[in-house]
Amino acid sequence: MRRRRSRRRVNACEAGFPNSVEMFSRLKNKVGEVLLPGDEFCFDTDDTISLTESVKAEKVVCGPGLRRSGDRLVVCKSGVLRHKQPNVFWMDAQQKRYVPAKGETVIGIVTTKSGDVFKVDFGGSEQASLSYLAFEGATKRNRPNVQVGDLVFAQFLIANKDMEPELVCIDGSGRANGMGVFGAGGLLFMVSLGLVRRLLAPGSEIMSDLSQLFPCELVVGMNGRLWVKASSIQRTLIVSNLLQSCENMTATQRRELFKRVAQGAL
Amino acid sequence: MKDTLLSNCERDFLLKAIEEKKRLDGRQTYDYRKIKITFGTDYGCCYVDLGKTRVMAQVSCELVAPKENRPNEGIMFFNIELSPLASPIFEQGRQSELSVKLNRQLERCLRNSKCIDTESLCVVSGEKVWQIRVDVHMLNHDGNLMDAASIAAITALCHFRRPDIAVQGEEVTVYSPEERDPIALSIYHMPISVSFSFFQQGTYLLVDPCEREERVMDGLLMIAMNKHREICSVQSSGGIMLLKEQVLRCSKIASVKVSEITELISKALENDKKARKAGGRCGFAESLPQERITALKMDEMPVEVTDVTEQAYDIIQKTKEPPQTVPSPLVPAPGVGQVDQGQQNTWGLEEEEEEREDGVEEEAVMEVEQQKEEESKGNIVEISDSEEEEVIILHPETPDTLHKSSCHQQGSATSKKKHKK
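Residues numbered from 1 in each chain as written. Chains lettered and ligands numbered in written order. Predicted model: local features only at pLDDT ≥ 70, side-chain atom pairs only at ≥ 80, totals over all residues. Heavy atoms only, no water.

### Regarding the interface of chain A and chain B
Our working definition: Note on definitions: a residue-residue contact is assigned when non-hydrogen atoms from the two residues lie within 4.5 Å. The buried area of a pairing is the accessible area, by a 1.4 Å probe, that goes missing from both parts when the two are put together, added over both. By convention in these notes, a salt bridge is any Lys or Arg side-chain nitrogen within 4 Å of a carboxyl oxygen on Asp or Glu. Two N or O atoms count as a polar contact when they lie within 3.5 Å, although within protein this holds only if one can serve as hydrogen donor and the other as acceptor, and sequence-adjacent residues are included solely when both atoms are side-chain atoms. In DSSP terms, a helix is any run of H or I states spanning at least four residues, a strand is any run of E spanning at least two, and both are numbered starting from the N terminus. Ten residues, namely Ala, Val, Leu, Ile, Met, Phe, Trp, Tyr, Cys and Pro, are considered nonpolar, four, namely Asp, Glu, Lys and Arg, are considered charged, and the remaining ones, Gly among them, are considered polar.
Counting residues at the interface gives 21 residues for chain A, matched by 19 residues for chain B. Between chain A and chain B the total buried area reaches about 1,700 Å² when both faces are included, carbon and sulfur atoms providing 64% of it. Our count for the contact surface shared by chain A and chain B stands at zero salt bridges. Summed over the shared surface of chain A and chain B, the result is six residue pairs in polar contact (both at pLDDT 80 or more). Of all elements in the fold, only β9 (105-114), β15 (187-190) and α4 (233-246) of chain A reach the threshold of two or more residues within the side of chain A that touches chain B. Ranked by the residues each element gives to the side of chain A that touches chain B, the list is headed by α4(A), at five residues. The residue inventory of the side of chain A that touches chain B, partitioned by class, reads eleven nonpolar, seven polar and three charged.

The structure is reproduced here in structure tokens:
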């Protein structure tokens, strides 16, 4: 059994370094560059403290792929260093294995119904539990109609390395908000987590290119699962193959391909 | 790890797509995925890619006592390994139902079809025969493991060379590949398995099912055939009723596929043979980055170390920056001494100077290749021929800069060199 639970994806560690101003600028210089595991940001601790300049204790928030080790900051995933204002840094890496994080929405497959919880496979190291009450409008009398093998779109309520992950299909105010059981039809397929993040990024080019092709329904789970439904099987297959091929294409190649599809080459 | 469940959505979609004669990866009903055959550095090592399915076969041989009922026949042994490397659903070290099934089918396909002349593997009747062992490792599972395994196994067997032997009276001599060229196995024909999956109780048929198609299929028919259209084995599983016409149609399709694949295999073998003859690095090794585990190996030797530190510092000080483009990618790790072997000839250039500097004279056995080179250069090189070349690399410099730097500091050595040039 493959287990990779040691590292949470979005367990941000706050690193308050002695002279974090220097660390901050060092990190900032490397934003957008490719870094490899083992690269580190260490800095020589200055013994002299400037009396004239006011030293601000600025914290650096490390996202996935960055770890603090003593007075150094170590890269532990290969990828591109990203930065978000004001002080968040993380590594944008390509991987296929999903590690759950609280609040992320995923596509899961219901594997068993036991009592009042469903077990849901979301592609992680263990299955998540989903209460039958965690659906919009569900009560003890009014049970949701969920069968084994159905797909659900849900978000993580608990995602902790020491506990069983728990999914819910409602948001904080008890609304479905797009989540719930999938209707019939459509195709489920897997892509890498990196591509999913590219698809979900605001103003994603792939999405805008795709929307110009033909109308289709697309559900993107953060766990690398995509669900597509278009007017016909042929079109659904085209969309799924296009998205899968987006993985290793440059923007120009992709536009070229999409143009050809739009002209009816396929 | 338990197999992840196939969702109802995927199942429905696949069946609907098959009804419309469409497949997930855009193939037609009778299409195979892309087959790629590569070879390892050793004889008898073969990798087969069938789409995303990836299989490695390795053939090895051993001298053993024959079976009692067949005293003058060699032994064939087949082993299929399904490791978690291929798919998390496979468990380590346990014979699953699937692995037994695949193993049995491979044996039926290759051993029972008598495609290999086992009698030619006999060394001394009743005492010693060759045992040929074929290990098939699944590296990635994306459906149709059987076809990939059968292609890999037969290609590896064709590629394999066993050591030559000589029998003189009671004595059996096994020659190493350096002494005598190893011998290929005698293979009469190449049986290749072709899988057909059936859906909707045999209404629909697909060739080369991928993993998701395998999960929704009702039944599977595997036909092993050679290019002479001789059926070597037929196996049907899944418990569906097939009509006579269906089986006949499948066998016709199989004969076409087998002839295509056989051609591909022979082309791959030919290419590999050419590459090996040309003496270059060939096969799979070529596609891998160079990983020389011997790069850090160092034979122990006496070295005079009186003023090495100063000299090293001197060299480091005087050298220029190495150029950005390195002429040869084989730069050893910094601070590593190595006995240079079989690379581009640098005799008579900078190495002997280095050696003088250290005052090491060494008599050692040299590689044949180097001796040849030495002979050809013998008239130019003034110093004694038997001197083993020996480099102490203190900094990963290119030969040019090293040369320059060593010129700087050793007037005596360079002057000696000048007159020999």
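### Observations concerning α4(A)
Going by this rule: One less than the residue count of a helix, multiplied by 1.5 Å, gives the span that helix is expected to have. Three exposure classes are used, based on accessible area relative to the maximum for each residue type with a 1.4 Å probe and protein chains only: buried under 20%, partly exposed in between, and exposed over 50%.
Here α4(A) spans 20 Å end to end across 14 residues, near enough to the 20 Å set by a 1.5 Å rise per residue. Where α4(A) is concerned, the buried positions are A:Ile233, A:Thr236, A:Leu237, A:Ile238, A:Val239, A:Ser240, A:Leu242, A:Leu243 and A:Cys246.

### Considering the sheet that holds strand β3 (residues 40-41) of chain A
All names here are of chain A. What counts here: If DSSP finds at least two bridges between two strands, the strands pair.
Strands sit in the order β3-β6-β5 across an open sheet of three strands; the sheet is antiparallel. Edge positions in the sheet fall to β3 and β5 (66-69), since each of these pairs with one other strand and no more. Sheet topology note: the β3/strand β6 (residues 72-75) ladder contains two bridges and is antiparallel. Across the sheet, Phe41 pairs through a bridge with Leu73, a residue of β6.

### Section: the UniProt feature "domain: Exoribonuclease phosphorolytic" (unreviewed entry) in chain B
All names here are of chain B. How we decide: UniProt positions are given in the numbering used here, feature names are shortened, and annotations may be inferred rather than shown by experiment.
This chain's UniProt record puts "domain: Exoribonuclease phosphorolytic" (unreviewed entry) on residues 32-163 and 189-255. Between the first and last C-alpha atoms of residues 32-163 the distance is 36 Å; the span itself is 22% helix and 36% strand. Each end of residues 189-255 is marked by a C-alpha atom, and these two atoms are 14 Å apart; helix forms 27% of the span and strand 39%.

### Quick notes on the environment of B:Val64
Residues and elements named next belong to chain B. In this fold, Val64 is placed in strand β3 (residues 53-64). When its relative accessible area of 19% is taken as the criterion, Val64 is described as buried. Considering only alpha carbons, one finds Val64 and Gln95, 31 residues apart in sequence, at a separation of 25 Å. Once residues lying within four places of it in the same chain are set aside, the contact partners of Val64 are Ile75, Glu127, Lys128, Val129 and Gln131.

### Considerations on helix α3 (residues 145-159) of chain B
Look at α3(B): 21 Å from first C-alpha to last across 15 residues, which is about the 21 Å you get at 1.5 Å a residue. Buried residues dominate α3(B), accounting for 15 of its 15 residues.

### Remarks on the packing of aromatic side chains
All names here are of chain A. Rules: Classification of ring pairs uses Phe, Tyr and Trp, with its six-membered ring standing for Trp, and accepts pairs whose centres are within 6.5 Å; under 30 degrees between planes counts as stacked, over 60 as edge-to-face, and the remaining range as tilted.
For the structure on display, the rule yields five aromatic pairs over all chains. Seen in terms of ring centroids, Phe118 and Phe135 are 6.2 Å apart; in terms of plane orientation they differ by 80°. Their pairing is edge-to-face. Pair noted here: Phe118 is in strand β10 (residues 117-121) and Phe135 is in the loop between β11 (128-131) and β12 (151-158), with a separation of 17 residues, a long-range link. Using a relative accessible area of 7% as the deciding quantity, one classes Phe135 as buried. Ring plane angle 70° and centroid distance 5.0 Å describe the contact between Phe182 and Trp227, whose orientation is recorded as edge-to-face.

### Looking at the pattern of salt bridges
Applying the stated criterion across every chain yields a total of 28 salt bridges over all chains. Notably, a salt bridge pairs A:Arg254 with A:Asp209, separated by 3.5 Å at the nearest N-O pair. In this pair, A:Arg254 sits in helix α5 (residues 251-262) while A:Asp209 sits in helix α3 (residues 205-211), placing the two residues 45 residues apart along the sequence. Look at A:Arg254 and you get buried, because its relative accessible area is 5%. Looking at A:Asp209, the relative accessible area reads 15%, which means it is buried. The residue B:Arg111 makes a salt bridge to B:Glu107 at a minimum N-O spacing of 3.7 Å. Taken together, the salt bridges that share partners define one network made up of B:Arg23, B:Asp25, B:Arg27, B:Arg33, B:Asp142, B:Asp208 and B:Glu213.

### As for the sheet that holds strand β11 (residues 192-199) of chain B
Residue and element names in this part refer to chain B. Put simply, the test is: Fitted lines through C-alpha atoms give the axes, limited to the stretch in contact for helices. The angle between two N-to-C directions lies from 0 to 180 degrees.
Strand order across the open sheet formed by four strands is β12-β11-β13-β14, with antiparallel pairing between neighbours. With partners counted over all chains shown, the strands left at the sheet margins are β12 (204-207) and β14 (231-237), one partner each. Looking at each pair of strands side by side, their axes are set apart by 20° on average, direction ignored. Where strand β13 (residues 219-225) and β14 come together, six bridges link them in antiparallel fashion. Along β14, the bridge assignment pairs Leu220 with Ser237.

### Looking at the UniProt feature "domain: K Homology" (unreviewed entry) in chain A
The residues that UniProt annotates with the feature "domain: K Homology" (unreviewed entry) are residues 186-233 of chain A. Note that residues 186-233 of chain A is 33% helix and 31% strand, and that its end C-alpha atoms are spaced 8 Å apart.

### Observations concerning the environment of B:His159
Residue and element names in this part refer to chain B. Along the chain, the position of His159 falls in helix α3. By relative accessible area, His159 is classed as buried at 2%. Sequence-wise, His159 and Ile240 are 81 residues apart; in three dimensions their C-alpha atoms are separated by 38 Å. Discounting chain neighbours no more than four positions away, the residues touching His159 are Phe39, Asp42, Tyr43, Gly44, Cys45, Leu269, Asp272 and Arg276. There is a polar contact of 2.6 Å between the side chain of His159 and the side chain of Asp272.

### What about the nonpolar core?
Note on soluble globular proteins: their nonpolar side chains tend to be buried together. Our working definition: The definition of a nonpolar core used throughout is a set of buried Ala, Val, Leu, Ile, Met, Phe, Trp, Tyr and Cys residues joined through side-chain atoms within 4.5 Å. For the domain bounds, the source is a domain assignment made automatically or taken from a database.
Residues A:Leu130 and A:Leu243 are the most contacted members of the largest nonpolar core, which totals 67 residues. Counting only domains with at least three residues in this core, you end up with domain 2 (99-181) and domain 3 (187-262) of chain A. With residues near it in sequence (within four places) discarded, A:Leu130 still touches A:Asp116, A:Val117, A:Phe118, A:Val120, A:Phe135, A:Val152, A:Leu167, A:Val168 and A:Cys169. B:Val55, B:Met138, B:Val194 and B:Leu221 belong to the second-largest nonpolar core, a separate cluster that totals 66 residues.

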